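Survey of secondary and tertiary structure
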Amino acid sequence: MIAAALIYSGANNSRFQWGVVGDFLFDSRILRGVRITIELTVIAMVIGIVFGVILAVMRLSPNPLVSGASWLYIWFFRGTPVLVQLLFWYYISALYPKLSIGIPFGGPVIASANANDLIKPLTAAILGLGLNEAAYMAEIARAGILSVDEGQTEAAQSLGMQRLQIMRRIVLPQAMRVIIPPTGNETISMLKTSALASVITVTELLYSAQLIYSVNYKTIQLLIVASIWYLAMTTILSIGQYYVERHYARGSSRDLPPTPLQKIRWAVLARREWN
Amino acid sequence: MELMVKAEGVHKSFGRLEVLKGITLEVKPGEVMCVLGPSGSGKSTFLRCINHLEKIDAGRLYVDGELVGYQQRGDKLYELRESEVAKERAQIGMVFQRFNLFPHMNVLHNVIEAPTRVKGVRSEQAVRKARELLDRVGLADKIDSYPAQLSGGQQQRVAIARALAMEPKLMLFDEPTSALDPELVGDVLDAMRQLARDGMTMVVVTHEIGFAREAGDTLVFMDEGVVVEQGEPREVLSNPKHERTQAFLSKVL
């Protein structure tokens, strides 16, 4: 009832100017923003997942130095706001005007670049979001690894396999079932968190909308445009998540539950037979 | 003749609980030793010490003349590096109470995983060997199945084939039939009898008195972390000398 009332009031309030929303929905600047938002989300998540899994494996290492380093990383990147981290990467040239690769403590320099040229706003956003995400993914991956029965590790050990081999071949594939659902949530959350990159002038979806309404003052309409795109993208991600989860459930249950599409198809077929 | 397993005064504690209080045992090549005892007697722990899944706290444990998990320099023992422990374990097969097959791999890949990844056996060769072993345990037709699609008895026979694929010189069985429905026990015991006839050296922790009597060369009775009695199975079973053995057997027979 409330939802219906809201839709009714939204549709009949002329101040919403739905026409303007329609005009800008497929504006080239908005579409470019959508593309950059997707790129930012994908790259940041890939960095987050790869580093997160590495951090989780390090965290569970018997070597206290290795697990300590991982703990320190997670402590720092989870303990400070991601917005602060983004700004930090954006302004890093103030701290280190020149970045170089070489032997530390006065050794020869192999490559060197001006920090401002190297770390463009987009790079700063990717680093900030990706490295922050890694800390969260590390905890998710660790929970997944710990959820795998210890008998699996023992069986692999008794066959002569070694720690990293066991992790890669036996434990991580099984941990995936536990890791995937929260990773889907993280991806959806990342898609929205990437809007923070607007603060450091990355022309992703939100900043693209802001650039337009700062000129034409159609603030609400452009925010609605951005929201429609965010909703569309999160919806697609949720559907993708469902199928990935199904894939990794293989081996644990004898029969996979039907997908929604299959359910509909069967329902239609059953009805036809009824007639 | 070199002994396959030699334990000298093996001690093991979990925190303040002393589980093994000086185990001294010998297993000759080709021998089938069955270990009996009430739960909590330390028999499974001892078995797990033989392939270093548990570290021993005192004593010496040798497999095929080599110290398990340690290296002796002078009077002191130094723990081996992971890769060296793994190399020792690769020569010792183990079968678990709860099978521990890899659920994300089908039967074939369960069996060929270790030979190809650990020993570097070529894939075709590993597959040929796997078919042969699965045929031997009567599961040639299940090669593409996943563990969840098999009964407990079938899973345990795959686990036996998986261990044998590494061509071990010693097989350890940790209560291999305890998690099985009664009607499935027979097939697993048959596979183990076959293995014993083929001359495999085996240490079997079990509650199957019948198996111990027919297939075992030696029977060891453990209680409260010590070996109470050992000898020829028929002799120990029909004529137990120690009262603790008598008490245990009167309960299970």
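Preceding this section is the structure that the text describes.
Throughout what follows, the structure given in this document is the object of discussion.

Of the residues lining the interface, 21 residues belong to chain A; the matching set on chain B comes to 27 residues. Carbon and sulfur atoms supply 53% of the area buried between chain A and chain B, which totals about 2300 Å² over both sides. A per-residue breakdown of the area chain A buries against chain B is headed by S158(A), L159(A) and R169(A), which together make up 27% of the total. The interface formed by chain A and chain B holds three salt bridges in total. As a salt-bridge pair, E113(B) and R169(A) come within 2.8 Å of each other at their nearest N and O atoms. The tally of links from chain A across to chain B stands at seven residue pairs in polar contact (both at pLDDT 80 or more).

As a further point, take the side chain of K43(B). All names here are of chain B. Relative to the assigned elements, K43 resides in helix α1 (residues 43–50). Here K43 falls in the buried class, since its relative accessible area comes to 4%. Of note is the side chain of K43, whose polar atom sits 3.1 Å from the backbone oxygen of G37. When near neighbours in sequence (up to four residues on either side) are disregarded, K43 contacts V35, L36, G37, P38, E175, V205, H207 and M222.

All names here are of chain B. With five bridges joining them, strand β11 (residues 218–223) and strand β12 (residues 226–231) adopt antiparallel strand pairing. The partner of F221 across the bridge, within β12, is E229. Turn length for the β11-β12 hairpin, with the two strands adjacent in sequence and antiparallel, is two residues, and the turn residue E224 shows positive phi of about 50°.

The volume enclosed by the largest pocket comes to roughly 900 Å³. Lining the largest pocket are 29 residues, with P62(A), T153(A), Q157(A), R163(A) and E82(B) sitting closest to its centre. When contributions to the lining of the largest pocket are tallied by element, the ones reaching two or more residues are α8 (121–147), α9 (150–158) and α10 (163–193) of chain A together with α2 (82–89) of chain B. No other element matches the five residues that α10(A) contributes to the lining of the largest pocket. Split into classes, the residues belonging to the lining of the largest pocket amount to 13 nonpolar, six polar and 10 charged.

With that out of the way, let us pick up the packing of helix α3 (residues 28–59) of chain A against α8(A). Residues and elements named next belong to chain A. Remark: α3 packs on α8, axes separated minimally by 5 Å, with the N-to-C direction vectors making an angle of 45°. One way to sum up the angle between α3 and α8 is to call them oblique. Regarding α3 and α8, the two cross each other, and that crossing is right-handed. Split into classes, the residues belonging to the contact of α3 with α8 amount to 22 nonpolar, three polar and three charged.

As a further point, take the pairing of strand β10 (residues 202–205) of chain B. Residue and element names in this part refer to chain B. Going residue by residue along β10, you find M202 and V204 tucked away on one face and V203 and V205 tucked away on the opposite face as well. Of the strand pairs in this sheet, strand β3 (residues 32–36) and β10 are connected by four bridges, and their pairing is parallel. Within β10, the position partnered with C34 by the bridge is V204. The sheet contact formed by strand β9 (residues 170–174) and β10 spans four bridges and is parallel. Its bridge partner lying in β10, D174 is registered against V205. Note on the crossover from β9 through helix α6 (residues 182–197) to β10: the handedness is right-handed.

This part is about the packing of helix α4 (residues 64–79) of chain A against α8(A). Residue and element names in this part refer to chain A. The geometry of α4 relative to α8 is characterised by a closest axis approach of 8 Å and an angle of 120° between their N-to-C directions. As summarised for this structure, α4 and α8 are arranged oblique, according to the angle between their axes. Here α4 and α8 pass one another in a crossing that is left-handed. Where α4 approaches α8, its residues Y73, I74, F77 and R78 are matched on the opposing element by L131, N132, A134, A135, Y136, A138 and E139. Across the contact of α4 with α8, the residue classes break down as eight nonpolar, one polar and two charged.

Regions of empty space are outlined by a rolling probe, equal in size to a water molecule, passed over the atoms. All names here are of chain B. Within the structure shown, the criterion is met by one cavity of 30 Å³ or more. For the largest cavity, the calculated volume is near 70 Å³. Considering the residues around the largest cavity, the lining is formed by L133, R136, V137, I160, A161, L164, A191, Q194, L195 and D198. Residue assignment for the lining of the largest cavity shows that the elements contributing at least two residues are α4 (123–136), α5 (152–164) and α6. In the lining of the largest cavity, the residues fall into seven nonpolar, one polar and two charged.

Another aspect to go through is the packing of aromatic side chains. Per the counting criterion, the structure on display carries eight aromatic pairs over all chains. Relative to W89(A), the ring of F88(A) has its centre 6.4 Å away and its plane inclined at 85°; by these criteria the two rings are edge-to-face. Here F88(A) falls in the partly exposed class, since its relative accessible area comes to 46%. A relative accessible area of 17% places W89(A) in the buried class. Taking the centre distance of 5.2 Å and the plane angle of 85° together, the rings of Y242(A) and Y243(A) count as edge-to-face. Accessibility expressed as a relative area gives 32% for Y242(A), which makes it partly exposed. Under the relative-accessibility criterion, Y243(A) is labelled partly exposed at 35%. Joined through ring pairs, the aromatic side chains of Y73(A), F76(A) and F77(A) make up one cluster. The positively charged end of R73(B) is found above the aromatic ring belonging to Y78(B), 4.2 Å away from the centroid. Seen from the ring of F102(B), R162(B) lies directly overhead, with NZ or CZ sitting 4.5 Å from the centre.

Attention now moves to α4(B). All names here are of chain B. With 14 residues, α4 ought to run about 20 Å at 1.5 Å a step, and its terminal C-alpha atoms sit 20 Å apart, in line with that. Among all positions of α4, only A126, V127, A130, L133 and L134 are buried. For α4, the buried positions fall inside an angular range of 130° around the axis, keeping them on one side. The exposed residues of α4 that point more than 90 degrees off its buried face are R128 and D135. On its buried face, α4 sits against α3 (107–117) and α5. At the exit of α4 stands G138, carrying a positive phi of roughly 75°.

Rules of the game
Residues numbered from 1 in each chain as written. Chains lettered and ligands numbered in written order. Predicted model: local features only at pLDDT ≥ 70, side-chain atom pairs only at ≥ 80, totals over all residues. Heavy atoms only, no water. Contact = heavy atoms within 4.5 Å. Buried area = accessible area lost by both parts, 1.4 Å probe. Salt bridge = Lys/Arg side-chain N within 4 Å of Asp/Glu carboxyl O. Polar contact = N/O pair within 3.5 Å; in protein donor to acceptor, adjacent residues only side chain to side chain. Helix = DSSP H or I, 4+ residues; strand = E, 2+ residues; numbered from the N terminus. Buried < 20%, exposed > 50% of the residue type's maximum accessible area, 1.4 Å probe, protein only. Pairing = 2+ DSSP bridges. 1 Å grid on protein atoms, 1.4 Å probe; cavity = no way out; pocket = protein on both sides within 12 Å on 5 of 7 lines; lining within 4 Å. Points joined across faces, edges and corners; volume = space filled by probe spheres on them. Nonpolar A, V, L, I, M, F, W, Y, C, P; charged D, E, K, R; others polar. Axes fitted to C-alpha atoms, helices over the stretch in contact; angles between N-to-C directions. Parallel < 35°, antiparallel > 145°, perpendicular 65-115°, else oblique. Left-handed = near helix turned anticlockwise from the far one by under 90°. Right-handed = clockwise from strand over helix to strand, strands pointing away. Phe/Tyr/Trp six-rings, centres within 6.5 Å; stacked < 30°, edge-to-face > 60°. Lys NZ or Arg CZ within 6 Å of the ring centre and 35° of its normal. Expected span 1.5 Å × (residues − 1). Arc of directions from axis to C-beta.

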